[in-house]
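Remarks on the overall topology
Chain residues, written in single-letter form:
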Amino acid sequence: MKKNACPSCGSCSGMYTANSMNCLTEVLGMGLRGNGTIPAPYSARIQLAKHAGMQVMELVRSNIRPRDIMTASAIRNAITADMALGCSTNSMLHLPAIANECGIKFDLDEVNAISEKTPNLCHLAPAGDTYMEDLDRAGGVYAVMTELCKKDLLDTSVLTVTGKTLGENLDELKRNGFYDKCERYLDRWGLKRHDVIRPFDNPIGVDGSVAILKGNLAPDGAVVKHTAVPREMFCATLRARPFDCEEEAIEAILSHRIEKGDAVIIRYEGPKGSGMPEMFYTTEAISSDAELGSS
């Protein structure tokens, strides 16, 4: 069962935390093209690893440092791509941490401002029915950035680990006919590029995938990936059941004290509370309890 359920190496094929940050590493300029999407068992991954090692030596010779690449503009590019790709909410943990290490102020309010003008173009698992390998076949993160550049949503003057600007990298792909090759490759899998990366006139959503929420239960902010939330849940009247840690919430769920119509709210599990761990135990416990007919 284990060999069939997990047939190869690599991370899960959805836009979870690992794949989200791997994709945003490309947008930040800190990863070579394909870093975020090439499947682990592919020979191209081995080739990429070799090229990455070679490029590190080029960066040393050129005296290009991480902080030369990870600027405020690069961080804004990453937030923009996050909205288009539909990345994990945990990107709102890692991007502020990266910005902090680089001495860059990260304003959560700017996330919503960027989201308002950036459409959600990808609907990858677990929210949608396409996968990371589909995104790779469609041209990967650079294909999404090319789409965003059509509306001037990215700063293409930023430096990348190639030693060139983002704009120069994108122009090179266009000259080499990279996207035409991707179209032919997708045909073999019965897909079209717009199945994976939506055009601006037919997005998943007119605004970005992540929103920052504020209110009396979360005065300093909370994060939601609203593209993964059913539309009928956008407006609902529920009874708030707040807990101050995940353990308290799980104990209440397993004791069948959570009922239909309750909204389970777990506070103090953010970056300053506990490092923002995954809340899978809670969601699985609620799901299991509901299946048993308890709530």
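Our structure's up above, just so we're on the same page.
Residues numbered from 1 in each chain as written. Predicted model: local features only at pLDDT ≥ 70, side-chain atom pairs only at ≥ 80, totals over all residues. Heavy atoms only, no water.

1. Side note on the overall build of the protein chain
A tally of regular secondary structure across the protein chain gives 14 helices and four strands. In terms of overall size, the protein chain behaves like a compact globule, its C-alpha atoms giving a radius of gyration of 20 Å where 295 residues would be expected to give roughly 19 Å. For the protein chain, the spread of C-alpha atoms along the three principal axes comes to 60 × 45 × 40 Å. Across the 295 residues in the protein chain, those meeting the buried criterion constitute 42%. Contacts in the protein chain between residues at least 24 apart in sequence constitute 66% of all its contacts with a sequence separation of at least 6. With the model as given, the accessible surface of the protein chain reaches about 16,400 Å², and the carbon-plus-sulfur share is 53%. Of the side-chain charges in the protein chain, 32 are positive and 39 negative, and the distance between the mean point of each set is 6 Å. (Helix = DSSP H or I, 4+ residues; strand = E, 2+ residues; numbered from the N terminus. Rg over C-alpha atoms; globule rule 2.2 N^0.38 Å. Buried < 20%, exposed > 50% of the residue type's maximum accessible area, 1.4 Å probe, protein only. Contact = heavy atoms within 4.5 Å. Areas by Shrake-Rupley, 256 points an atom, 1.4 Å probe, with all protein chains shown as cover. Lys, Arg positive; Asp, Glu negative; His and termini not counted. Charge placed at Lys NZ, Arg CZ, Asp CG, Glu CD.)

2. Considering the pattern of salt bridges
Evaluated as defined, the whole model comprises eleven salt bridges. A salt bridge links Arg257 to Glu251, with the nearest nitrogen and oxygen atoms 3.2 Å apart. What makes Arg257 partly exposed here is its relative accessible area of 38%. When salt bridges that share partners are traced, they join Glu147, Lys150 and Arg193 into one network. (Salt bridge = Lys/Arg side-chain N within 4 Å of Asp/Glu carboxyl O.)

3. Re helix H6 (residues 91–101)
Buried within H6 are the following residues: Ser91, Met92, Leu93, Leu95 and Ala99. Structurally, H6 contributes buried residues whose contacts are with helix H2 (17–27), helix H5 (72–85), helix H7 (108–117), strand E1 (210–215) and strand E2 (218–225). Just past H6, the residue Gly103 takes up positive phi, approximately 75°.

4. Overview of helix H10 (residues 166–175)
The complete set of buried residues in H10 reads Leu166, Gly167, Asn169, Leu170 and Leu173. Around the axis of H10, the buried residues are gathered within 160° of arc, so they sit on the same side. Summarising the contacts, the buried residues of H10 are in contact with H5, helix H9 (140–149) and helix H11 (178–188). A positive phi of about 70° marks Gly177, the residue just after H10. (Arc of directions from axis to C-beta.)

5. Observations concerning the nonpolar core
Leu85, Leu95, Leu135, Leu148 and Ile197 are the most contacted members of the largest nonpolar core, which totals 53 residues. Here this core takes eight residues from H5, the largest share from any one element. What Leu85 contacts, discounting residues up to four positions off in sequence, is Met15, Cys23, Leu24, Asn120, Cys122, Leu124, Leu135 and Val144. Of all hydrophobic cores here, the second largest spans seven residues; its members include Ile38, Leu59, Ile64 and Ile69. (Core = buried A, V, L, I, M, F, W, Y, C linked by side-chain atoms within 4.5 Å.)

6. Some points on the pairing of strand E4 (residues 262–266)
As judged from the five bridges shared by strand E3 (residues 239–243) and E4, these two strands associate in the parallel manner. Each bridged residue has a counterpart across the sheet, and for Arg239 the counterpart in E4 is Asp262. Crossover handedness for the path E3 to helix H13 (residues 246–254) to E4: right-handed. (Pairing = 2+ DSSP bridges. Right-handed = clockwise from strand over helix to strand, strands pointing away.)

7. Some thoughts on the side chain of Ser115
One can find Ser115 in helix H7. Apart from the residues lying within four places of it in its own chain, the contact partners of Ser115 are Met83, Asp207, Gly208 and Val210.

8. A look at the packing of aromatic side chains
Inspection of the entire model under this criterion finds two aromatic pairs. Both rings, one in Phe178 and one in Tyr179, keep their centres 5.2 Å apart while their planes meet at 70°; by these two values the pair is edge-to-face. Ring geometry for Tyr185 and Trp189: centres 6.5 Å apart, planes at 85°, overall edge-to-face. Directly above the ring of Tyr179 sits Arg193, whose terminal nitrogen or CZ lies 5.5 Å from the centroid. The cationic tip of Arg231 hangs over the ring face of Phe234; the distance from NZ or CZ to the ring centre is 4.2 Å. (Phe/Tyr/Trp six-rings, centres within 6.5 Å; stacked < 30°, edge-to-face > 60°. Lys NZ or Arg CZ within 6 Å of the ring centre and 35° of its normal.)

9. Details of the environment of Leu217
Structurally, Leu217 can be placed in the loop between E1 and E2. Here Leu217 falls in the partly exposed class, since its relative accessible area comes to 32%. Along the primary structure Leu217 and Pro271 are separated by 54 residues, whereas in three dimensions their C-alpha atoms are 16 Å apart. With near-sequence residues (within four places) excluded, Leu217 lies in contact with Ala240, Pro242, Ile265 and Arg267.

10. Quick notes on unusual backbone geometry
Trans is the common state for peptide bonds, and a negative phi is the common state for residues other than glycine. Cis geometry is found at the peptide bond from Ala125 to Pro126, where omega equals 10°. Examined against the element boundaries, Pro126 turns out to sit in the loop between H7 and helix H8 (132–137). One non-glycine residue, Asp152, lies in positive phi territory at about 55°. Looking at the element boundaries, Asp152 is found in the loop between H9 and H10. By relative accessible area, which is 69% here, Asp152 ends up exposed. Although it is not a glycine, Tyr268 sits at a positive phi angle of roughly 65°.

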